[in-house]
Amino acid sequence: QVQLVESGGGLVQAGGSLRLSCVVSGRTFSRYAMGWFRQAPGKEREFVSGIRWSGSSTYYADSVKGRFTISRDNAKNTVYLQMNSLKSEDTAVYYCAYRSDWSGSYYNPDNYYAWGQGTQVTVSS
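How each quantity is defined
Residues numbered from 1 in each chain as written. Predicted model: local features only at pLDDT ≥ 70, side-chain atom pairs only at ≥ 80, totals over all residues. Heavy atoms only, no water. Pairing = 2+ DSSP bridges. Helix = DSSP H or I, 4+ residues; strand = E, 2+ residues; numbered from the N terminus. Axes fitted to C-alpha atoms, helices over the stretch in contact; angles between N-to-C directions. Salt bridge = Lys/Arg side-chain N within 4 Å of Asp/Glu carboxyl O. Buried < 20%, exposed > 50% of the residue type's maximum accessible area, 1.4 Å probe, protein only. Polar contact = N/O pair within 3.5 Å; in protein donor to acceptor, adjacent residues only side chain to side chain. Contact = heavy atoms within 4.5 Å. Disulfide = S-S within 2.5 Å.

(A) Fine view of the sheet that holds strand β8 (residues 78-83). If you trace the four strands from one edge of the open sheet to the other, you get β1-β3-β8-β7, paired in antiparallel fashion. With one partner strand each, in any of the chains shown, β1 (2-7) and β7 (68-73) form the two edges of the open sheet. The mean inter-strand angle of the sheet, taken between neighbouring strand axes irrespective of direction, is 15 degrees. Pairing of β1 with strand β3 (residues 18-26) involves six bridges; the strand directions are antiparallel. Across the sheet, residue V2 finds its bridge partner in β3, namely G26.

Take a look at the structure:
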């Protein structure tokens, strides 16, 4: 079983920055990819960003491209989401998710095998 624990959420003013972290533990694949999703009140969960095991390939939703950066430190089993130039519409619960490194769209939440509990990000305007 795989466990994911997010941290780093909070309240920030529009234009500010936050860095989310997600620590992975348990019986993981030897190589695994990760993703970040978010869910705002009354809305469906949406893809934010994804990263392959090597870190050589990253993926972003159009709404965050150029503002958010995903990265990982495999020695620490940790994935990060650096969020800059935050907007009020970025307010949501952010979830990290675990998946295989080799198949399926990063945008589809059905391709992920484990999820964290979520961390709240609130951007005030």
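(B) Representation of the pattern of salt bridges within the structure. Following the criterion strictly, the structure yields six salt bridges and no others. With a closest N to O distance of 2.9 Å, R38 and D90 form a salt bridge. Pair noted here: R38 is in strand β4 (residues 32-39) and D90 is in the loop between β8 and β9 (92-100), with a separation of 52 residues, a long-range link. Among the ionic pairs, D62 bridges to K65, the shortest N-O distance being 3.1 Å. Sharing partners across several salt bridges, the network here consists of R38, E46, R67 and D90.

(C) Structural context of the side chain of S49. Tracing the sequence through the fold places S49 in strand β5 (residues 46-51). Judged by its relative accessible area of 0%, S49 falls in the buried class. In terms of polar contacts, S49 uses its side chain to reach the backbone carbonyl oxygen of Y59, at 2.9 Å. Filtering out sequence-adjacent residues up to four positions away, S49 remains in contact with M34, G35, W36, Y59, Y60, I70 and L81.

(D) Representation of the pairing of β3 in the model. Looking at chain direction, β3 and β8 are connected through six bridges and run antiparallel. By the bridge assignment, L20 is partnered in β8 with L81.

(E) Here's a closer look at the state of the cysteines. Following the criterion strictly, the structure yields one disulfide and no others. The disulfide bridge from C22 ends at C96, spanning 2.0 Å between sulfur atoms. Because the torsion about its S-S bond is 60 degrees, the bridge between C22 and C96 counts as right-handed. Of this pair, C22 sits in strand β3 while C96 sits in strand β9; the two residues are 74 residues apart in sequence, bridging distant segments of the chain. For C22, a relative accessible area of 0% puts it in the buried group. Judged by its relative accessible area of 1%, C96 is buried.

(F) Representation of the environment of M83 within the structure. Relative to the helices and strands, M83 resides in strand β8. The class for M83 is buried, based on a relative accessible area of 0%. Spatially, the C-alpha atom of M83 lies 14 Å from that of C22, the residues being 61 residues apart in sequence. Residues contacting M83, with those up to four places away along its chain left out, are G16, S17, L18, L20, R67, F68, Y94 and V121.

Taken by themselves, the reported measurements are silent on function.
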